[in-house]
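# Analysis of the macromolecular model
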Amino acid sequence: DTIEVENDTSIITSAPESSKRAQYTKMERRHYAFTHVFGAESTQEDLFLQTAEPLFERFVGGESAVLFAYGMTNAGKTYTIQGTDEKPGIMPLLVQKVLHHLACTGSSEQEWDLNITMLEIYQDKIYDLLTEKKKKEKLNIRDGNGRVEVMNLSQHPLMSSNDAVELMDAAMAKRSSTRTHLNTGSSRSHAVYSLILSKYIGGREIKSEFQVVDLAGAER
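In this report, we go over the structure that sits alongside the text.

Conventions used here
Residues numbered from 1 in each chain as written. Predicted model: local features only at pLDDT ≥ 70, side-chain atom pairs only at ≥ 80, totals over all residues. Heavy atoms only, no water. Pairing = 2+ DSSP bridges. Helix = DSSP H or I, 4+ residues; strand = E, 2+ residues; numbered from the N terminus. Axes fitted to C-alpha atoms, helices over the stretch in contact; angles between N-to-C directions. Buried < 20%, exposed > 50% of the residue type's maximum accessible area, 1.4 Å probe, protein only. Arc of directions from axis to C-beta. Contact = heavy atoms within 4.5 Å.

### Digging into the sheet that holds strand E3 (residues 30-33)
Strand order across the open sheet formed by three strands is E1-E2-E3, with antiparallel pairing between neighbours. With partners counted over all chains shown, the strands left at the sheet margins are strand E1 (3-7) and E3, one partner each. Between one strand axis and the next, the sheet turns by 30° as a mean value, whatever way the strands run. Relative to strand E2 (residues 10-13), E1 runs antiparallel, the two sharing four bridges. If you follow Val5 over to E2, its bridge partner there is Ile11.

### What about helix H3 (residues 53-60)?
Counting along an α-helix, one turn takes 3.6 residues, and residues three or four places apart therefore face a common direction. Three or more residues of H3 are buried, namely Leu55, Phe56, Phe59 and Val60. Looking straight down H3, one finds that the buried residues subtend no more than 125° of arc, so they occupy a single side. Where H3 is buried, its residues contact helix H2 (44-51), strand E4 (65-71), helix H5 (90-105), strand E13 (190-201) and strand E14 (204-216). One or two positions beyond H3, positive phi appears at Gly62, with a value near 110°.

Now the structure itself:
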(Lines give C-alpha, C1' and ligand atoms only; values in the text may rest on other atoms or scores of the structure.)
Protein backbone atom coordinates (compact mmCIF):
# COMPACT_ATOMS: atom_id res chain seq x y z
CA ASP A 1 0.00 0.00 0.00
CA THR A 2 2.03 2.92 -1.30
CA ILE A 3 -0.90 5.19 -2.25
CA GLU A 4 -3.52 6.29 0.22
CA VAL A 5 -6.63 8.17 -0.89
CA GLU A 6 -6.94 10.94 1.69
CA ASN A 7 -10.16 12.42 0.31
CA ASP A 8 -11.91 13.18 -3.00
CA THR A 9 -9.15 15.58 -4.10
CA SER A 10 -5.86 14.39 -2.58
CA ILE A 11 -3.65 11.35 -2.09
CA ILE A 12 -0.67 10.46 0.11
CA THR A 13 2.24 8.45 -1.29
CA SER A 14 5.08 6.61 0.43
CA ALA A 15 7.82 4.27 -0.77
CA PRO A 16 7.35 0.49 -0.34
CA GLU A 17 9.04 -0.69 2.87
CA SER A 18 11.08 -3.20 0.88
CA SER A 19 12.50 -0.58 -1.49
CA LYS A 20 16.05 0.73 -1.20
CA ARG A 21 14.72 4.27 -1.18
CA ALA A 22 12.77 3.56 1.99
CA GLN A 23 15.62 1.62 3.60
CA TYR A 24 18.52 3.96 2.92
CA THR A 25 16.93 7.39 2.59
CA LYS A 26 14.48 9.45 4.54
CA MET A 27 11.35 8.91 2.49
CA GLU A 28 8.63 11.07 3.94
CA ARG A 29 4.94 10.76 3.10
CA ARG A 30 3.97 13.16 0.35
CA HIS A 31 0.65 14.85 -0.41
CA TYR A 32 -0.63 15.48 -3.95
CA ALA A 33 -3.77 17.43 -4.86
CA PHE A 34 -6.01 16.83 -7.89
CA THR A 35 -9.35 18.01 -9.21
CA HIS A 36 -10.81 14.63 -8.30
CA VAL A 37 -9.40 11.35 -6.97
CA PHE A 38 -10.91 7.90 -7.58
CA GLY A 39 -10.18 5.17 -5.06
CA ALA A 40 -9.95 1.43 -5.61
CA GLU A 41 -13.67 1.07 -4.95
CA SER A 42 -14.63 3.45 -7.77
CA THR A 43 -16.60 2.00 -10.69
CA GLN A 44 -16.48 2.69 -14.42
CA GLU A 45 -19.75 4.61 -14.02
CA ASP A 46 -18.22 6.80 -11.29
CA LEU A 47 -15.36 7.75 -13.59
CA PHE A 48 -17.68 8.41 -16.52
CA LEU A 49 -19.93 10.70 -14.48
CA GLN A 50 -17.00 12.82 -13.29
CA THR A 51 -15.07 13.05 -16.59
CA ALA A 52 -17.17 12.51 -19.73
CA GLU A 53 -20.62 13.40 -18.39
CA PRO A 54 -19.82 17.13 -17.92
CA LEU A 55 -18.80 17.30 -21.60
CA PHE A 56 -21.82 15.39 -22.91
CA GLU A 57 -24.32 18.29 -23.06
CA ARG A 58 -21.82 20.46 -24.90
CA PHE A 59 -21.17 17.69 -27.43
CA VAL A 60 -24.82 17.00 -28.30
CA GLY A 61 -25.37 20.77 -28.33
CA GLY A 62 -22.91 21.25 -31.19
CA GLU A 63 -19.58 21.87 -29.39
CA SER A 64 -16.50 19.68 -29.65
CA ALA A 65 -14.70 18.15 -26.67
CA VAL A 66 -11.49 16.26 -25.92
CA LEU A 67 -10.79 13.80 -23.10
CA PHE A 68 -7.22 12.62 -22.43
CA ALA A 69 -6.15 9.38 -20.75
CA TYR A 70 -2.46 9.35 -19.83
CA GLY A 71 -0.27 7.01 -17.81
CA MET A 72 2.65 4.62 -17.97
CA THR A 73 2.23 1.29 -19.70
CA ASN A 74 -0.10 -1.14 -17.90
CA ALA A 75 -1.71 1.70 -15.92
CA GLY A 76 -5.19 0.76 -17.14
CA LYS A 77 -5.90 3.34 -19.86
CA THR A 78 -7.42 0.83 -22.29
CA TYR A 79 -9.65 -0.60 -19.57
CA THR A 80 -10.76 2.91 -18.61
CA ILE A 81 -11.61 3.85 -22.21
CA GLN A 82 -12.95 0.55 -23.55
CA GLY A 83 -13.74 -1.57 -20.50
CA THR A 84 -15.23 -5.06 -20.73
CA ASP A 85 -18.63 -6.55 -21.59
CA GLU A 86 -19.53 -6.58 -17.89
CA LYS A 87 -17.94 -3.21 -17.07
CA PRO A 88 -18.02 -0.96 -20.15
CA GLY A 89 -15.64 2.00 -20.24
CA ILE A 90 -15.96 5.64 -21.22
CA MET A 91 -16.48 5.14 -24.98
CA PRO A 92 -19.28 2.52 -24.85
CA LEU A 93 -21.03 4.45 -22.06
CA LEU A 94 -20.74 7.69 -24.04
CA VAL A 95 -22.10 6.13 -27.24
CA GLN A 96 -24.99 4.61 -25.32
CA LYS A 97 -25.87 7.96 -23.72
CA VAL A 98 -25.61 9.88 -27.00
CA LEU A 99 -27.84 7.41 -28.89
CA HIS A 100 -30.39 7.42 -26.08
CA HIS A 101 -30.43 11.23 -26.10
CA LEU A 102 -30.87 11.38 -29.89
CA ALA A 103 -33.67 8.81 -29.81
CA CYS A 104 -35.52 10.76 -27.13
CA THR A 105 -35.11 14.21 -28.68
CA GLY A 106 -35.36 13.38 -32.39
CA SER A 107 -38.20 14.64 -34.55
CA SER A 108 -39.31 14.65 -38.17
CA GLU A 109 -37.61 18.02 -38.56
CA GLN A 110 -34.25 16.83 -37.24
CA GLU A 111 -32.04 14.10 -38.69
CA TRP A 112 -28.65 12.96 -37.39
CA ASP A 113 -25.68 10.72 -38.10
CA LEU A 114 -23.25 9.35 -35.50
CA ASN A 115 -19.93 8.05 -36.80
CA ILE A 116 -16.63 7.02 -35.27
CA THR A 117 -13.02 7.18 -36.44
CA MET A 118 -9.99 5.53 -34.87
CA LEU A 119 -6.39 6.36 -35.63
CA GLU A 120 -2.98 5.81 -34.11
CA ILE A 121 0.11 8.00 -34.03
CA TYR A 122 3.24 5.85 -34.11
CA GLN A 123 6.77 7.17 -34.70
CA ASP A 124 5.33 10.50 -35.90
CA LYS A 125 3.14 8.80 -38.51
CA ILE A 126 -0.66 8.54 -38.59
CA TYR A 127 -2.48 5.30 -39.43
CA ASP A 128 -6.15 4.36 -39.77
CA LEU A 129 -6.96 1.62 -37.25
CA LEU A 130 -10.21 0.70 -39.01
CA THR A 131 -8.99 0.45 -42.58
CA GLU A 132 -10.05 -2.62 -44.53
CA LYS A 133 -6.64 -2.79 -46.18
CA LYS A 134 -4.36 -5.56 -44.93
CA LYS A 135 -1.35 -3.26 -44.69
CA LYS A 136 -1.52 -0.02 -42.73
CA GLU A 137 -0.74 3.03 -44.83
CA LYS A 138 0.53 6.38 -43.59
CA LEU A 139 -2.11 9.11 -43.75
CA ASN A 140 -1.45 12.79 -44.44
CA ILE A 141 -2.87 15.76 -42.60
CA ARG A 142 -3.94 19.16 -43.83
CA ASP A 143 -4.62 22.43 -42.08
CA GLY A 144 -7.64 24.21 -43.47
CA ASN A 145 -10.73 26.09 -42.38
CA GLY A 146 -9.28 26.63 -38.94
CA ARG A 147 -8.71 22.96 -38.12
CA VAL A 148 -6.37 20.06 -38.78
CA GLU A 149 -7.85 17.15 -40.72
CA VAL A 150 -6.55 13.65 -41.40
CA MET A 151 -7.00 12.83 -45.06
CA ASN A 152 -8.77 9.60 -46.10
CA LEU A 153 -9.54 8.55 -42.52
CA SER A 154 -12.44 6.08 -42.65
CA GLN A 155 -15.68 6.81 -40.78
CA HIS A 156 -17.98 4.11 -39.47
CA PRO A 157 -21.65 4.54 -38.45
CA LEU A 158 -22.79 3.68 -34.92
CA MET A 159 -26.25 2.44 -34.08
CA SER A 160 -25.46 0.88 -30.68
CA SER A 161 -22.75 0.77 -28.02
CA ASN A 162 -21.99 -2.79 -29.18
CA ASP A 163 -20.95 -1.34 -32.56
CA ALA A 164 -18.39 0.84 -30.76
CA VAL A 165 -17.02 -2.09 -28.75
CA GLU A 166 -16.62 -4.28 -31.84
CA LEU A 167 -14.83 -1.51 -33.73
CA MET A 168 -12.54 -0.79 -30.77
CA ASP A 169 -11.66 -4.50 -30.54
CA ALA A 170 -10.75 -4.44 -34.23
CA ALA A 171 -8.69 -1.28 -33.75
CA MET A 172 -6.81 -2.69 -30.74
CA ALA A 173 -5.77 -5.69 -32.83
CA LYS A 174 -4.04 -3.33 -35.27
CA ARG A 175 -2.31 -1.03 -32.79
CA SER A 176 1.47 -1.15 -32.67
CA SER A 177 2.57 -3.04 -29.57
CA THR A 178 5.58 -4.74 -28.04
CA ARG A 179 6.54 -6.81 -25.01
CA THR A 180 7.66 -4.90 -21.90
CA HIS A 181 8.58 -5.81 -18.34
CA LEU A 182 5.03 -4.95 -17.25
CA ASN A 183 2.92 -6.06 -20.20
CA THR A 184 3.31 -8.75 -22.88
CA GLY A 185 1.33 -6.68 -25.40
CA SER A 186 1.87 -3.06 -24.43
CA SER A 187 0.58 -0.42 -26.88
CA ARG A 188 3.44 1.72 -28.14
CA SER A 189 1.33 4.24 -30.02
CA HIS A 190 -1.07 7.05 -29.19
CA ALA A 191 -4.67 6.37 -30.20
CA VAL A 192 -7.45 8.86 -30.95
CA TYR A 193 -11.08 7.73 -30.93
CA SER A 194 -13.44 10.36 -32.36
CA LEU A 195 -17.22 10.41 -32.19
CA ILE A 196 -18.60 12.63 -34.97
CA LEU A 197 -22.15 13.85 -34.55
CA SER A 198 -23.88 15.51 -37.49
CA LYS A 199 -27.34 16.98 -36.93
CA TYR A 200 -29.44 18.40 -39.75
CA ILE A 201 -31.97 20.98 -38.67
CA GLY A 202 -33.95 22.88 -41.29
CA GLY A 203 -31.40 22.09 -44.00
CA ARG A 204 -28.50 23.27 -41.82
CA GLU A 205 -25.78 20.88 -40.63
CA ILE A 206 -24.38 21.16 -37.10
CA LYS A 207 -21.29 19.01 -36.58
CA SER A 208 -19.38 18.30 -33.36
CA GLU A 209 -16.64 15.87 -32.32
CA PHE A 210 -15.91 14.12 -29.04
CA GLN A 211 -12.32 12.86 -29.04
CA VAL A 212 -10.97 10.39 -26.48
CA VAL A 213 -7.18 10.26 -26.62
CA ASP A 214 -5.15 7.30 -25.30
CA LEU A 215 -1.66 8.73 -24.75
CA ALA A 216 0.87 5.93 -24.46
CA GLY A 217 3.24 6.60 -21.57
CA ALA A 218 6.84 5.45 -21.32
CA GLU A 219 7.68 2.41 -19.22
CA ARG A 220 9.69 3.16 -16.10
